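The residues making up each chain are set out below.
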Amino acid sequence: MRREGTNPDDVQPEDVLCDFCHKAAWADDAPCVEGHHGSIICGGCLTLAFAALAQGGAGSSEPCTMCLEVRDEYAWHGTQTEAHICRRCIKQAAGALHKSTDWDWSKPK
Ligand SMILES: [Zn+2]
Ligand SMILES: [Zn+2]
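Residues numbered from 1 in each chain as written. Chains lettered and ligands numbered in written order. Predicted model: local features only at pLDDT ≥ 70, side-chain atom pairs only at ≥ 80, totals over all residues. Heavy atoms only, no water.

Turning our eyes to something else, we now look at the coordination of the zinc ion (ligand 1). Each protein donor to the zinc ion (ligand 1) is listed here as Cys18 (SG), Cys21 (SG), Cys42 (SG) and Cys45 (SG); together their distances run 2.3 Å. One can describe the donor arrangement at the zinc ion (ligand 1) as tetrahedral, given that its four donor atoms subtend angles of 103 to 114° at the metal. In the primary sequence, the donor residues of the zinc ion (ligand 1) line up as C-x2-C-x20-C-x2-C. Taken as a pair, Cys18 in the segment before β1 (32-34) and Cys42 in strand β2 (residues 40-42) lie far apart in primary sequence, 24 residues in all. A single burial state applies to Cys18 and to Cys42, both of which are buried. (Donors = N, O, S within 2.8 Å, 3.2 Å for Na, K, Ca; no water. Tetrahedral: all angles 85-135°; square planar, octahedral: opposite > 155°, others 65-115°. Helix = DSSP H or I, 4+ residues; strand = E, 2+ residues; numbered from the N terminus. Buried < 20%, exposed > 50% of the residue type's maximum accessible area, 1.4 Å probe, protein only.)

Next comes the structure, spelled out in structure tokens:
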């Protein structure tokens with residue numbers, strides 16, 4: 001998501017916020033993955049989501065923030081927000097980070 005008041009013609013790195021913790025996703029070189037409609041999840045949240053996924057949990061009847069689909073499967077909720085990410089998107093995002101960076105998302109930062 002974008003910070004409120006962001007100039008759409010001049011988006012700065014610090015204007016791009018993680019939908020799940022509302023921290024600047026690009027501020028400290030942390031890897032992040034983009035979804036639909038400018039949604040974004042940072043590496044820190046993805047680490048938490050992936051860990052929670054391994055433990056299992058309830059599904060969600062709300063559409064996934066990243067893919068906008070309502071999926072009857074586990075969804076992880078952000079720490080600060082109502083945003084959530086479905087199981088499929090967690091796995092896809094984790095796979096994308098794995099390929100594009102040497103980010104060790106198995107260790108929370
Ligand atoms: Zn985050
Ligand atoms: Zn999804």
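Okay, the environment of Lys91 next. Here Lys91 lies in helix α2 (residues 87-100). Residues Lys91 and Leu46 lie 45 residues apart in sequence; the distance between their C-alpha atoms is 9.3 Å.

By themselves, these observations are geometric and do not establish any function.
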